[in-house]
Each structure stands twice: as structure tokens, then as C-alpha cells.
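Here is what each chain is made of, one letter per residue.
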Amino acid sequence: MPTSTLTVLSGASRGLGLSLARQALAAGHQLITLARSELQLDAPQGAHQHLQVDLASAEGAQQAAKALQALLSQTQAQRYVLINNAGTVDPVGQASHLLDAQAITQALQLNVASVMSLTAAFLQGAPQDAQRQVLNISSGAGRKPVSGWAVYGSSKAALDFYTQTLKLENPELAVCSLAPGVVDTDMQGHIRSQSRDQFPNLNRFIDLHQQGQLSSPDETAERILRHLDSPAFGQHILDDIRHYE
Ligand code: NAP
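Residues numbered from 1 in each chain as written. Predicted model: local features only at pLDDT ≥ 70, side-chain atom pairs only at ≥ 80, totals over all residues. Heavy atoms only, no water.

As named in an unreviewed UniProt entry, the protein chain is Short-chain dehydrogenase, taken from Alcaligenes pakistanensis. What UniProt records for the protein chain under Subcellular location (unreviewed entry) is the sentence "Cytoplasm". (UniProt positions renumbered as here; feature names shortened; annotations may be inferred.)

If you want it as C-alpha cells, here you go:
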């Protein structure tokens, strides 16, 4: 019999997250999703539950963590997977222009602090004797600085560091902070709409798009779920899906 899996996935309403959600359901996972939007997925009765929450606010993250813990306590599976995928690239701009404290705080809350709250809820709610995996969707921008992405890069570098600490504290847990490559989502469209003076790398992203070099969300999700299923998952805490088939 295949292992029964329960997957918790943030940012499931669009882009990479929506592809991951659909494919996880198609693979027979029970699914708990989180996003600000409503989300109806084609799922067997009772297989999908959605939490509509704003993870860019501390209150939203707190509520979501509480609700997640309660939902997890009502579930039964042999394997539990948490995918922290929700994220924002905003605010984009040169360091000298980053005056919007609220936008910075919201980005750090969504990209880092909410991940910490959801992960704590997951670790407390998912049975310790089950197989447990935590996947944080990171970015190459957290490993090499990109002009105009001081906030985004700092948040993903913090996410990488958090993931390393998580592993240190929980050696039995399979954890990974994974860069997904350049994926054709709303986020990439938003990146291409930035001004060249605030984001000097603009042409690179326009060129990648024009040359058809972005990977599709479906193809990336397929590779990520295959990686989660493989014994290689978690062997490298900081990883990149482009290293795998
Ligand atoms: P996307 O198309 O912009 O989708 C973002 C997802 O996050 C949506 O489902 C959105 O749902 C959710 N989200 C955004 N703000 C939220 C909030 N305040 N509260 C709860 N959910 C929120 O992004 P994507 O390209 O799929 O990116 C997915 C992940 O991959 C992100 O962590 C991103 O940093 C990373 N990544 C992407 C690329 C790329 O090329 N696309 C490259 C490297 C890393 P709602 O709007 O419904 O809330």
C-alpha cells in the first residue's frame, strides 16, 4: 500500500503553489492549503481544507498557526509534509529608497516569520512517530546579492539560516531550503514590470522570458514533488531543484 501523506502548503492559490497543490492531490495526498484568496480545488470529499489567511501580518500568522495545529490534530497519516511556499519579492528597490517600513516588515513577516510560526505548529501538530518533512521554498537571491532585492535576498538568506537551525535542533527531521529556479509565475511578471533604475537587472529577466528560458510551474512542481519522494531529499539543507532531473 502507498504511504498515506498529508501535505500542508502555503501560497497555494497561484503560481508554483497552485501547481504543487494540484499535483499533490493527484498523487493522493490529503491537503491543507493557506493563502489570502479563496481556493476551491478538484479534490475527493474531505481531502482538501483551505485556510484563508494573510501571512504578511503577525496576527494572521498567529491565527493560521493555531488553526493549522487544530486541523493537524484531527488527521491521520503515515507521512506529513510542510511546504512553506508563500512569498513576495516586494518591496523591490535600491537600499537608499527602502523607506516604506511597513512594506519591509510585511515582506519579512511573510517570507520568514510566518514560516517559523507555521513550522512550529506543524512540529507540534504532526505526530512525532510519522515521517515528517519540511520544505522551505527559497531563492538563489538569498545566496548571492542582487541589486534591488535587498529585502527579498535578506529574507531568503534568513530563511536558509532558519532552515539550518531547524535541522540542528531536529536531526531526525528531513528539511530543505530549496531554490526553485526561474519559474513562469505572476512573480516573474511583476519583476519584469519594475523600473530599471530601482532594479538594474531588469533586462536579464526580460531576456529570459523572451527566450523562453523560464520553467513552467507544473514542470517545477513535478520536480519538487519527485525530490520530496526521493531518499536524496534533505541530504543537502541548502539546495536547488536545478541540481536534480
Ligand atoms: P506568486 O506567483 O507571486 O504566488 C505567491 C503565492 O503566495 C500565492 O499563492 C499568494 O496567494 C501567496 N501569498 C502572497 N502573499 C501572501 C500573504 N500575505 N499571505 C498568504 N499567502 C500569500 O509566486 P511564485 O512565483 O509562485 O513563488 C512561490 C515561491 O517561490 C516564493 O516563495 C518565491 O519567493 C519563490 N521563488 C520564485 C521564483 C520564480 O521565478 N517565480 C524564483 C525563486 C524563488 P494570495 O495572493 O492568494 O495570498
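Draft legend 1. Layout of the nonpolar core. Formed by 31 residues in total, the largest nonpolar core has its most connected members in Val8 and Phe122. Listed by contribution, the elements that provide at least two residues to this core are β1 (5-10), β2 (30-35), α2 (58-73), β4 (79-84), α3 (101-125) and α4 (150-169). Counting residues per element, this core draws most heavily on α3, at six residues. Counting residues in each nonpolar core, the second largest holds 25 residues, with Ala12, Ala174, Ile224 and Leu225 among its members. (Core = buried A, V, L, I, M, F, W, Y, C linked by side-chain atoms within 4.5 Å. Buried < 20%, exposed > 50% of the residue type's maximum accessible area, 1.4 Å probe, protein only. Helix = DSSP H or I, 4+ residues; strand = E, 2+ residues; numbered from the N terminus.)

Draft legend 2. The arrangement of the side chain of Ser13 in detail. Tracing the chain through its elements places Ser13 in the loop between β1 and α1 (15-26). On the basis of relative accessible area, Ser13 is assigned to the buried category, the value being 19%. Residues within four places of Ser13 in sequence aside, it is in contact with Leu18, Ala35, Ser37 and Leu39. (Contact = heavy atoms within 4.5 Å.)

Draft legend 3. Quick peek at α4. Between its first and last C-alpha atoms α4 spans 28 Å; for 20 residues at 1.5 Å apiece the expected length is 28 Å, and the two agree. Turning to α4, its buried residues number three or more, namely Val151, Tyr152, Gly153, Ser155, Lys156, Leu159, Asp160, Tyr162, Thr163 and Leu166. Elements that come into contact with the buried residues of α4 comprise α3, β5 (131-137), β6 (174-179), α5 (186-192) and β7 (238-240). (Expected span 1.5 Å × (residues − 1).)

Draft legend 4. Representation of the pattern of salt bridges. Counted by the stated rule, this structure contains five salt bridges. The shortest N-O distance in the salt bridge between Arg79 and Asp229 comes to 3.0 Å. Here Arg79, found in strand β4, pairs with Asp229, found in helix α7 (residues 217-229); they are 150 residues apart in sequence, far enough to count as distant. The class for Arg79 is buried, based on a relative accessible area of 7%. For Asp229, a relative accessible area of 54% translates into the label exposed. Arg242 is paired through a salt bridge with Asp240; the nearest N and O atoms lie 2.9 Å apart. (Salt bridge = Lys/Arg side-chain N within 4 Å of Asp/Glu carboxyl O.)

Draft legend 5. A look at the layout of surface pockets. Put simply, the largest pocket is a space of about 1200 Å³. Lining the largest pocket are 50 residues, and of these Gly87, Thr88, Val89, Tyr152 and Met187 sit closest to its centre. Where the lining of the largest pocket is concerned, the elements lending two or more residues are α1, β2, α3, α4, α5 and α6 (202-210). Here the lining of the largest pocket is composed, by residue class, of 24 nonpolar, 17 polar and nine charged. Estimated volume of the second largest pocket: approximately 190 Å³. As for the second largest pocket, its lining consists of 12 residues, and the residues nearest its centre are Pro2, Thr3, Ser4, Thr5 and Ala27. Taken together, the residues of the lining of the second largest pocket sort by class into three nonpolar, seven polar and two charged. (1 Å grid on protein atoms, 1.4 Å probe; cavity = no way out; pocket = protein on both sides within 12 Å on 5 of 7 lines; lining within 4 Å. Points joined across faces, edges and corners; volume = space filled by probe spheres on them. Nonpolar A, V, L, I, M, F, W, Y, C, P; charged D, E, K, R; others polar.)

Draft legend 6. How the structure looks around empty space enclosed by the protein. Using the criterion set out here, one finds one cavity of 30 Å³ or more in the structure. Put simply, the largest cavity is a space of about 30 Å³. Lining the largest cavity are Ser10, Leu55, Asn84, Ala86, Leu110, Ser114, Val115 and Leu118. Among the elements that make up the lining of the largest cavity, the one with the highest residue count is α3 (four residues). Per-class residue counts for the lining of the largest cavity are five nonpolar, three polar and no charged.

Draft legend 7. Main features of the site of the ligand. In the vicinity of the ligand there are 30 residues, among which Arg14, Ser37, Asp54, Tyr152 and Thr185 approach most closely. Here a nitrogen atom of the ligand and a backbone polar atom of Leu55 are 2.8 Å apart. Here an oxygen atom of the ligand sits 2.8 Å away from a polar atom, N or O, in the side chain of Gln188. Within the complex, 94% of the 880 Å² of free accessible area of the ligand lies under protein. Comparing atom positions with the cavity grids shows the ligand to sit within the largest pocket. Elements with a minimum of two residues in the shell around the ligand: α1, α4 and α5. No other element matches α5, which puts three residues into the shell around the ligand. (Near = heavy atom within 4 Å. Polar contact = N/O pair within 3.5 Å; in protein donor to acceptor, adjacent residues only side chain to side chain. Areas by Shrake-Rupley, 256 points an atom, 1.4 Å probe, with all protein chains shown as cover. Sits in = over half its atoms within 2 Å of the grid points.)

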